[in-house]
Amino acid sequence: MKLSEPIRFREEVLPSDVEAVRELATSTGFFSQEEISVAVELVQERLAKGLHSGYHFFFAEHEDRVVGYTCFGPIACTVASYDVYWIAVLDDFRRLGVGKRLLEKTEERIAALGGKRIYIETSDRSQYHATRGFYRRCGFTKEAVLKDFYAPGDDKAVYVKVRML
Ligand SMILES: CC(C)(COP(=O)(O)OP(=O)(O)OC[C@H]1O[C@@H](n2cnc3c(N)ncnc32)[C@H](O)[C@@H]1OP(=O)(O)O)[C@@H](O)C(=O)NCCC(=O)NCCS
């Protein structure tokens, strides 16, 4: 697919993002209903508490439609470590560089906030093979594998990217 207009990025969180994130997370086909509810709750928490929620967002928009997003924030009790809690791009907009640009924007914001280590956790199941390829292409390395973390046979992989400067 060729984009009819450039992707725009915003950090402001709008009430309409509650449904936008629900649609996005559902469209991936990757997440359970429980996981989708958690993704939506983080938007609601941010709307209710602002930045005190600890949740930051980037939204990617195309023709006024949210086509991707990241949710990230500082990890409590660490000096400068951040978690990327969620990243998702609408099915029709995958492999167009949207995810990579969202992650770049996220990394820039984390750097501006003083973050030095960025962590992303994902399942080590074969379903997430492409996702892990994406993280590697974006410069993240696999730091740890927690056996049977999610369920028997479903390990958790922890990826990290360290800011050198
Ligand atoms: C993972 C995801 C966010 C990637 O977004 P995207 O917009 O499709 O990725 P991009 O087009 O920006 O790709 C960036 C790089 O990763 C690589 N990549 C992306 N998808 C890939 C795939 N399926 N297989 C191998 N490499 C892949 C691209 O080749 C690209 O490399 P390049 O810059 O050298 O060309 C998206 O596929 C997605 O939403 N997946 C489902 C949800 C998910 O897994 N979320 C993460 C778990 S919480």
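Computed from a prediction, not measured in an experiment: that's the story for all the values here.

Here the focus is the site of the ligand. Surrounding the ligand, one finds 18 residues, the nearest of these being Val89, Gly97, Gly99, Lys100 and Arg137. Backbone polar atom of arginine 95 to an oxygen atom of the ligand: 2.8 Å apart, as the coordinates give it. Alone, the ligand offers 920 Å² of accessible surface; in the complex the protein occludes 80% of this. When residues of the shell around the ligand are traced back to their parent elements, those giving at least two are β4 (81-89), α3 (98-112) and α4 (129-137). Take the shell around the ligand: its biggest share by element is five residues, from α4. Looking at side-chain class alone, the shell around the ligand contains ten nonpolar, four polar and four charged residues.

Centre distance and the angle of the planes are the two values used to describe a pair of aromatic rings. According to the stated counting rule, one finds twelve aromatic pairs in the structure shown. Here the aromatic rings of tyrosine 55 and tyrosine 85 are separated by 5.6 Å at their centres, their planes lie at 75 degrees, and the arrangement is edge-to-face. A residue pair is termed long-range when its members are at least 10 positions apart, and tyrosine 55 in the loop between α2 (33-49) and β2 (56-62) and tyrosine 85 in strand β4 qualify at 30 residues. With a centroid separation of 6.3 Å and an interplanar angle of 55 degrees, the aromatic rings of tyrosine 135 and phenylalanine 140 are classed as tilted.

Our focus in this paragraph is the packing of helix α1 (residues 17-28) against α2. Their axes nearest at 9 Å, the elements α1 and α2 cross at an angle of 160 degrees. In terms of their interaxial angle, α1 and α2 are classed as roughly antiparallel. Helix-helix and strand crossings are classified by hand; for α1 and α2 the assignment is right-handed. Touching Asp17, Val18, Val21, Arg22, Ala25 and Thr26 of α1 are Ile36, Ala39, Val40, Val43, Gln44 and Leu47, all from α2. Its residues assigned to classes, the contact of α1 with α2 shows eight nonpolar, two polar and two charged.

Conventions we followed
- Residues numbered from 1 in each chain as written.
- Predicted model: local features only at pLDDT ≥ 70, side-chain atom pairs only at ≥ 80, totals over all residues.
- Heavy atoms only, no water.
- Near = heavy atom within 4 Å.
- Polar contact = N/O pair within 3.5 Å; in protein donor to acceptor, adjacent residues only side chain to side chain.
- Areas by Shrake-Rupley, 256 points an atom, 1.4 Å probe, with all protein chains shown as cover.
- Helix = DSSP H or I, 4+ residues; strand = E, 2+ residues; numbered from the N terminus.
- Nonpolar A, V, L, I, M, F, W, Y, C, P; charged D, E, K, R; others polar.
- Phe/Tyr/Trp six-rings, centres within 6.5 Å; stacked < 30°, edge-to-face > 60°.
- Axes fitted to C-alpha atoms, helices over the stretch in contact; angles between N-to-C directions.
- Parallel < 35°, antiparallel > 145°, perpendicular 65-115°, else oblique.
- Left-handed = near helix turned anticlockwise from the far one by under 90°.
- Contact = heavy atoms within 4.5 Å.

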